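Structural overview for review
So the chains spell out like this:
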Amino acid sequence: MENVVGTVKAPQSSITLAIAYSVIAAAVVGIYAGILFTPPGIEKIVTHHLDFWFCVGLALAGWVLRSVGGHKGVIVTMTVLASFVILTLNQPMLLRYLTFAALLFSMGLYGMVQSRNAVRVLLSIELMLNAVNINLIAFSRYVDPISLKGQLFVIFVLTVAAAEAAVGLAVVLAIYRSTQSVDMDKFTLLKH
Amino acid sequence: MFSNGDEIFKISRLTIVWLAGIFTIVWMVCWGLGIALPMLLTSQLGDKAALTNEILRAATPVIAILVFIPINAMFMVLIERRALALWTVRKGPNRVGPDGNFQTAADAVKLLLKEDITPTGADAVMHTFAPILFFAPSVFGAVPLLAAVTNNHPLFHVLNLPTGIFFVLAAGALPVVALVMAGWASNNKYSLVGGLRSAAQAISYEIPLVLSLITVCLMAGTLDLVKITEQQAGGILNWNLLGGGALTGLNNALAGGGAKALATSYFMGPISYVCAGLLVISLIISFWLYLTGACAEINRIPFDLPEAESELVSGYNTEYSGMKFAIFFLAEFTNLFVVSSITTVMFLGGGDNPIPPYILNNIPGIPQMVAAIRDSYFCSTLHIINPETFFATLWVIAKVYGLVIFAVLIRGTLPRFRIDQLMAFGWKRLIPLSLIVFIIVVFAREFVICHG
Amino acid sequence: MGQDMLSTLLSAPNVETWAFYLLTTLSICLAIGVLVDRVVIRSGFILIGVFGTISGIFLLLSAQFLALAQIMIYAVGITLMVVIALMLTNPRLEREQLIVYNDDSLPPLAKLFASCKRNLNLWVAVLSFVTLYAALIGENHWPLSDQAVSQDAVQTLGEALVTNYSIPFEFASVLLLAALMGAIMLAKGEPKHKVEDGDLTIVDETKKQENNLALQR
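This one's a predicted model, so the numbers in the text were calculated from it and none came from an experiment.

With that out of the way, let us pick up the interface of chain C and chain B. Contact residues are listed per partner, giving 22 residues for chain C and 25 residues for chain B. Interface area for chain C against chain B, summed over the two sides, is near 2,200 Å², with a carbon-plus-sulfur share of 81%. On the surface where chain C and chain B come into contact, there are one salt bridge. Residue B:Asp123 pairs with C:Arg42 through a salt bridge whose shortest N-O separation is 2.7 Å. Our enumeration of links across chain C and chain B arrives at one residue pair in polar contact (both at pLDDT 80 or more). Counting residues per element, the ones that place at least two in the side of chain C that touches chain B are helix H3 (40-60), helix H4 (64-88) and helix H11 (199-215) of chain C. A per-element tally of the side of chain C that touches chain B places H4(C) first, with 11 residues.

Below, the structure is given as structure tokens:
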């Protein structure tokens with residue numbers, strides 16, 4: 001397989017297909033919500049296990065449209081948004097917050113392992129820490145609203161995050177001095 | 001000695017005319033939207049108007065702020081130029097309109113008609129977004145102050161937050177982002193250096209600023225701006241500027257409590273008196289620290305390194321013109337006004353009269369005057385003047401614009417720092433000093449009964 | 001009928017739902033922007049937006065103090081990171097290189113396999129989300145409380161910090177102090193003797209840095 005590395009222009013992507021996909025995603029969310037909130041009297045056909053398959057179907061449709069040439073960013077964003085709404089619509093409020101935090105955490109994880117710029121890695125770690133904060137505050141709101149232990153732990157997380165950012169930036173600075181770069185792939189000091 | 005007495009007379013006249021104009025307009029907006037219109041609607045429609053009235057009352061503070069900010073900025077630019085001219089023995093703007101009164105209005109029209117340019121290779125979205133992000137916090141940051149400066153008037157009462165001063169500080173931290181953004185998005189090295197300088201400066205000077213405000217909050221025992229203002233009521237001896245309540249015992253003794261009041265407040269005898277003295281000195285230092293830190297936060301001379309004309313060609317706003325530059329300009333003067341209001345609320349007693357009531361009520365004529373205003377047709381029937389708010393607002397206006405004039409005086413007096421001097425002054429002088437003051441206050445307040 | 005629907009839509013739990021979905025939509029879009037934007041500095045500024053929306057979510061969860069602290073800490077903290085990124089990255093190379101894969105010649109199944117293999121990181125992230133979500137669904141029996149968060153939450157927090165949690169608090173501050181001192185030591189630069197033994201390399205390096213600065217647009 002030949003990979004061409006360089007600042008070549010991205011292959012032409014179709015906005016029309018992406019918009020079509022957005023419409024499909026919105027329609028799927030609408031159908032799901034319609035089935036979910038059927039007025040009493042009509043028998044429900046959806047149990048909460050079906051929402052997962054809705055998401056898988058959306059992702060597959062997105063993949064197909066993407067390989068035909070749809071705009072990647074719009075398709076990914078719409079898939080994530082629609083899946084998030086479908087997965088949380090049938091849940092109590094606490095679980096919605098927790099799902100949102102899990103989503104942000106996974107996005108931070110992706111950014112951390114994917115990006116090659118060290119500063120962006122630090123930014124992704126901040127995102128992950130914030131996802132944890134949302135978890136803690138959601139629990140302190142819905143499970144323990146009197147003594148607020150969750151909020152206390154958020155204060156500690158903020159402190160540790162500040163320390164982490166300071167040390168991380170200093171390490172990046174120190175490595176930059178020797179390699180003249182902040183590219184993670186070039187941080188191979190221990191290899192040689 | 002008063003060779004420029006004529007200029008002083010002109011500048012006083014200008015100030016009075018403008019202030020009367022500004023606050024009459026704002027007052028009419030508040031009264032019309034918040035009081036007169038709901039009264040009219042209720043008399044016409046009865047109970048049906050309840051929802052509309054609620055919406056009108058809720059919208060009043062926002063509309064009042066939005067009306068106030070542009071005309072206030074115009075006045076502040078004018079007064080700054082006239083006062084600078086006065087102190088450097090020149091003539092200020094004096095052509096457009098009587099006494100040059102309409103100079104800034106003409107400037108504003110010129111700015112709005114200018115072409116709006118985005119430099120080649122600049123990040124257009126960020127370039128547009130930076131002035132908005134710079135301007136928005138100065139508007140929203142001012143919101144919790146409204147209740148405090150109007151003596152907790154019912155119209156503005158809803159805006160009061162239990163964590164008011166913290167809200168103001170959080171809003172004050174945002175403009176740094178906007179300045180770095182503006183510097184980076186302008187595609188200009190001078191702008192970039194300006195943005196970087198402003199980041200370094202704001203972060204260094206935020207620490208003494210926040211520590212000095214924390215000292216005041218520690219003395220007050222609350223973060224609520226209205227409570228902090230109410231604690232300081234009753235004359236200059238109660239203000240946070242003079243010990244944050246350390247002199248309340250003295251005030252009570254003078255008011256008629258005598259030796260008994262002194263013994264209650266300063267219960268440890270000589271140690272308490274020493275501690276009260278320490279508190280007074282510490283809080284005065286805190287006041288000075290706050291003024292210095294605030295000067296650096298809003299990039300006023302002597303700390304205006306991010307936009308130094310002679311070295312950086314006005315720094316982060318080099319590449320801005322037209323509307324966007326106007327927003328930057330507006331926000332700078334609004335920031336000066338907001339900072340002066342915070343100082344007034346936190347240190348200078350908000351709308352409190354500096355003369356204590358026990359002296360004021362013994363001056364012949366004053367109580368009768370207050371009673372006459374209270375019983376007048378305007379107050380009792382039309383609700384145009386609310387006596388509690390009226391005098392408080394007068395004092396707030398006097399204090400806030402006094403501080404603004406003081407900032408202009410500093411601008412006309414002190415030279416600009418060099419960047420290394422600025423950082424050394426911040427980290428080696430101000431931060432240790434603010435920490436020492438904080439620790440002294442923590443211990444000294446145990447020996448004096450303060451209002452916290 | 002219409003009035004009924006309007007009042008159900010505007011009832012307190014529904015308003016919270018609407019606000020939740022509004023904030024999360026904004027937040028997710030901005031977070032994707034952080035991950036995919038090619039200019040690191042811009043993605044830093046977008047991250048400040050993400051934290052703004054997250055502090056909105058904190059407000060929804062009635063944690064006013066932490067929402068404000070979030071804005072105050074992260075606005076300045078992320079700006080600092082952006083400043084460091086500005087100083088360390090060369091704008092010409094800063095746009096992370098786009099890798100174009102040339103696998104048109106492969107058969108369809110191998111193409112699918114290749115694309116899966118290439119996007120392994122994405123699969124890791126999706127898998128982590130699915131795992132977390134499954135765990136959440138499986139554990140969904142927490143003892144929920146009906147009470148609202150008290151108005152003087154700041155007081156509760158402050159009292160807890162100096163009574164029950166004073167030792168963790170002290171440890172956190174010691175950790176912060178140590179981390180800051182370590183960061184200063186790391187970032188302070190090379191010891192002096194290096195300047196003596198290799199003047200040429202230092203000159204070279206400063207030249208490089210100057211070039212970097214000059215290249216910044």
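So that's the structure; there's more coming.
The subject of this paragraph is the side chain of C:Ser128. Along the chain, the position of C:Ser128 falls in helix H7 (residues 120-138). We classify C:Ser128 as buried; its relative accessible area is 16%. A polar side-chain atom of C:Ser128 sits 3.0 Å from the main-chain carbonyl oxygen of C:Ala125. Apart from residues no more than four positions distant in its own chain, C:Ser128 is found in contact with A:Ser106 and A:Leu109.

Take the environment of A:Leu94 next. You can see A:Leu94 is positioned in helix H4 (residues 93-114). Sequence spacing of A:Leu94 and A:Arg141 is 47 residues, and the spatial spacing of their C-alpha atoms is 8.6 Å. If we skip the residues at most four places from it in the chain, A:Leu94 touches A:Ala138, A:Phe139, A:Tyr142, A:Val143, C:Trp142 and C:Leu144.

Another point: the confidence of the model for chain B. Model confidence for chain B is summarised by a mean pLDDT of 83, while 97% of its residues fall at 70 or above. Highest mean pLDDT in chain B belongs to helix H18 (residues 419-444) of chain B (90); lowest belongs to helix H16 (residues 377-382) of chain B (68).

Right, let's get into the side chain of A:Ser22. All names here are of chain A. For Ser22, the position within the fold is in helix H1 (residues 15-36). On the basis of relative accessible area, Ser22 is assigned to the buried category, the value being 17%. Residues in contact with Ser22, not counting those within four places in the same chain, are Val74 and Met78.

On to the domain arrangement of chain B. Many structure descriptions define interface size as the accessible area lost when the parts assemble. Residue and element names in this part refer to chain B. According to the domain assignment, chain B consists of domain 1 (1-107) and domain 2 (114-447). Among the residues domain 1 hides against domain 2, the three largest losses belong to Trp27, Met76 and Glu80. Together they make up 23% of the total. Linking domain 1 to domain 2 there are two salt bridges. Between Glu80 and Arg300 there is a salt bridge, with the nearest N and O atoms lying 3.2 Å from each other. At the boundary of domain 1 and domain 2, one finds three residue pairs in polar contact (both at pLDDT 80 or more). Mapped by element, the contributors of at least two residues to the side of domain 1 that touches domain 2 are helix H1 (5-45) and helix H2 (50-87). Residue classes in the side of domain 1 that touches domain 2 are distributed as 20 nonpolar, three polar and two charged.

Before going further, it helps to examine the packing of helix H11 (residues 270-297) of chain B against helix H13 (residues 322-346) of chain B. Between two packed helices, both the angle of their axes relative to each other and the distance between the axes serve to describe the pair. Residues and elements named next belong to chain B. Running from N to C, H11 and H13 point in directions that differ by 170°, and their axes come no closer than 11 Å. In this view, H11 runs roughly antiparallel relative to H13, as classed from their interaxial angle. Seen from H11, the contacting residues are Phe287, Tyr290, Leu291 and Ala294; seen from H13, they are Val339, Ile342 and Thr343. Of the residues assigned to the contact of H11 with H13, the class counts are six nonpolar, one polar and no charged.

Parameters at a glance
- Residues numbered from 1 in each chain as written.
- Chains lettered and ligands numbered in written order.
- Predicted model: local features only at pLDDT ≥ 70, side-chain atom pairs only at ≥ 80, totals over all residues.
- Heavy atoms only, no water.
- Contact = heavy atoms within 4.5 Å.
- Buried area = accessible area lost by both parts, 1.4 Å probe.
- Salt bridge = Lys/Arg side-chain N within 4 Å of Asp/Glu carboxyl O.
- Polar contact = N/O pair within 3.5 Å; in protein donor to acceptor, adjacent residues only side chain to side chain.
- Helix = DSSP H or I, 4+ residues; strand = E, 2+ residues; numbered from the N terminus.
- Buried < 20%, exposed > 50% of the residue type's maximum accessible area, 1.4 Å probe, protein only.
- pLDDT = per-residue confidence, 0-100.
- Domains from an automatic or database assignment.
- Nonpolar A, V, L, I, M, F, W, Y, C, P; charged D, E, K, R; others polar.
- Axes fitted to C-alpha atoms, helices over the stretch in contact; angles between N-to-C directions.
- Parallel < 35°, antiparallel > 145°, perpendicular 65-115°, else oblique.

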